[in-house]
Amino acid sequence: MSAEHRYSPSMTDTGSCDTLIFIFARFFGLRWIGLVFALSCSADHYAAKGKQAVDAHELASAEGHFRAGLGRDPSHLASLSGLGWVYLLAGQHDAANAAFEHCLATDDEHLDCLRGSAGVASAKANPAMAKTRLTKALRIAPHDAGVISSLALLALGQGDMASALGRYQTLVDRQPDKAEYRLGLAEVLLRTKRFKDALSQIQAGLVAGHRPKRTTAMLFQTQSRVLVAAAAKGFDAGRCAETTKPVLAWLDAAEAAIQNANQIGVKLPDLPVVGRRARRQRARVASACPEQSEFSDRSKAP
């Protein structure tokens, strides 16, 4: 998917609606066409399908649905917002910015587009612009969960752990079944070295009811990062007999989490980095405590 990509409708999008219209016109008469078009071929219909595709991390499909929605209504806000988020997730910041700016030119108080524009600004290392957008969004809807989440993420990026922690905790308390908020809270807890609490949030996130595919992969990636960090902190070369076994168990669990993340099928650029950290930590333990490491390896052998 490229910023210059131009979507060509297929039978799964506008083609399916055209086929449905033909069938109804052929068998039930022309008076049904308006109803069929309104229910099955509207921009809202395509935007809803695009949202489902985003949750499944099927970005190319989502792009197609949102573009089909814009084919029906070039200023359809949900389609413009959705397309912007697709491009932002794909790392195509200029294309994302164009979609969000078009959206805001149509409605300068559209919350999702203000949040998306802030996300683009943050990605382009412009936190001042991100804060301006989110301050406006907060003024419009001070209790909106999406706005609070974006503010928490901005605070996290700026190193304001207290603000990020407070906002994510509020969201988790309000909507405990949304995995993305537990993921954000776990990230704050990881960065403040509260590893046990971070793992608890991740476990809760992995069984949450609303768990988009990308969020699930990121939960496993964060789980592996927490375990590697805990292993690094917990290992003591002067106390091999006491620390080697639990540290190696954490590293085993970290590698299992990496494998789980890979199996989700979502490309996470940082995942190989986490894998290298786990291997380096294991090598450090083996070098400092060879006898205990060798015993641990033998105990796992079939």
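Predicted model, so just to flag it, every value in this text is computed and none were measured. (Residues numbered from 1 in each chain as written. Predicted model: local features only at pLDDT ≥ 70, side-chain atom pairs only at ≥ 80, totals over all residues. Heavy atoms only, no water.)

This part is about the overall build of the protein chain. Helices and strands together make up the secondary structure of the protein chain, namely 16 helices and 0 strands. Taken over 302 residues, the protein chain has a buried fraction of 42%. Long-range pairs, those at least 24 residues apart, make up 56% of the contacts in the protein chain with a sequence separation of at least 6. Just so you have it, the protein chain exposes about 15,500 Å², and 55% of that area is on carbon and sulfur atoms. (Helix = DSSP H or I, 4+ residues; strand = E, 2+ residues; numbered from the N terminus. Buried < 20%, exposed > 50% of the residue type's maximum accessible area, 1.4 Å probe, protein only. Contact = heavy atoms within 4.5 Å. Areas by Shrake-Rupley, 256 points an atom, 1.4 Å probe, with all protein chains shown as cover.)

What follows covers the packing of helix α13 (residues 213-234) against helix α15 (residues 271-288). Between α13 and α15, the least distance of the axes is 10 Å, while the angle of their chain directions is 25°. Relative to α15, the element α13 is oriented roughly parallel. Handedness of the crossing formed by α13 with α15: left-handed. Touching Gln-221, Ser-224, Arg-225, Val-228, Ala-231 and Ala-232 of α13 are Leu-271, Val-274, Arg-277, Ala-278, Gln-281 and Arg-284, all from α15. (Axes fitted to C-alpha atoms, helices over the stretch in contact; angles between N-to-C directions. Parallel < 35°, antiparallel > 145°, perpendicular 65-115°, else oblique. Left-handed = near helix turned anticlockwise from the far one by under 90°.)

Turning next to helix α10 (residues 161-174). Compared with the 20 Å implied by 1.5 Å per residue over 14 residues, the 20 Å span of α10 between its first and last C-alpha is a close match. Restricting attention to buried positions, one finds in α10 the residues Met-161, Ala-164, Tyr-168, Leu-171 and Val-172. Taken down its axis, α10 places every buried residue within 100° of arc, on the same side. Structural note: α10 exposes Ala-162 and Asp-173 on the side pointing more than 90 degrees away from its buried face. Check the buried side of α10 and you find it contacts α9 (145-157), α11 (179-191) and α12 (195-206). (Expected span 1.5 Å × (residues − 1). Arc of directions from axis to C-beta.)

Structurally, the position occupied by Ala-186 is in helix α11. Through-space distance from the C-alpha of Ala-186 to that of Ile-202 is 6.4 Å; in sequence the pair is 16 residues apart. Apart from residues lying up to four places away in sequence, Ala-186 is in contact with Ala-198, Gln-201 and Ile-202.

As a further point, take the side chain of Gln-281. With respect to the helices and strands, the residue Gln-281 is situated in helix α15. Other than its neighbours up to four places away in sequence, Gln-281 contacts Ala-231, Ala-232, Phe-235 and Leu-251.

Let us look at helix α5 (residues 77-89). Look at α5: 18 Å from first C-alpha to last across 13 residues, which is about the 18 Å you get at 1.5 Å a residue. Looking only at α5, the buried set comprises Ser-79, Leu-80, Ser-81, Gly-82, Leu-83, Gly-84, Val-86, Tyr-87 and Leu-88. Buried residues belonging to α5 abut α3 (43-55), α4 (59-72), α6 (93-106) and α7 (111-123). Backbone geometry just after α5 places Gly-91 at a positive phi near 80°.

Our next topic: the packing of helix α14 (residues 240-264) against α15. Running from amino to carboxyl end, α14 crosses α15 at an angle of 160°, the nearest separation of the two axes being 10 Å. The orientation of α14 with respect to α15, classified from their angle, is roughly antiparallel. Crossing hand, α14 versus α15: left-handed. Across the interface between the two elements, Cys-240, Thr-244, Val-247, Leu-248, Leu-251, Asp-252, Glu-255, Ile-258, Ala-261 and Asn-262 from α14 touch Leu-271, Val-274, Gly-275, Ala-278, Gln-281, Arg-282, Val-285 and Ala-288 from α15.

Tracing the backbone through its elements, the reader meets Arg-282 in helix α15. Within the structure, the side chain of Arg-282 is placed 2.7 Å from the side chain of Asp-252, a separation counted as a polar contact. (Polar contact = N/O pair within 3.5 Å; in protein donor to acceptor, adjacent residues only side chain to side chain.)

Glancing now at the environment of Leu-183. Positionally, Leu-183 belongs in helix α11. Judged by relative accessible area, which is 11%, Leu-183 ranks as buried. Each C-alpha atom of the pair Leu-183 and Ile-202 lies 6.4 Å from the other, and the pair is 19 residues apart in sequence.

What follows covers the pattern of salt bridges. Taken as a whole, this structure holds 14 salt bridges when the rule is applied. Residue Arg-67 is joined to Glu-63 by a salt bridge in which the shortest nitrogen-to-oxygen separation is 3.6 Å. A residue pair is termed a helical-turn pair when its members lie 3 or 4 positions apart in one helix, as Arg-67 and Glu-63 do in helix α4 at 4 residues. One salt bridge in this structure joins Arg-225 and Glu-187, with 2.7 Å as the shortest N-O distance. With a gap of 38 residues between them, Arg-225 in helix α13 and Glu-187 in helix α11 connect regions that are remote in the sequence. Each of Glu-187, Arg-191 and Arg-225 takes part in a single network of salt bridges with overlapping partners. (Salt bridge = Lys/Arg side-chain N within 4 Å of Asp/Glu carboxyl O.)

On average, residues of the protein chain carry a pLDDT of 88, and 84% of them reach 70 or more. Long-range and interchain partners of residues 2-15, a stretch whose pLDDT sits below 50, account for 26 contacts in this model, where long-range means more than four residues apart. (pLDDT = per-residue confidence, 0-100.)

It is worth spelling out the environment of Ala-118 at this point. Looking at the secondary structure, you find Ala-118 in helix α7. Separated by 36 residues in sequence, Ala-118 and Leu-154 have C-alpha atoms that sit 8.8 Å apart. Beyond its immediate stretch of four places on either side in the chain, Ala-118 contacts Ala-130, Arg-133 and Leu-134.

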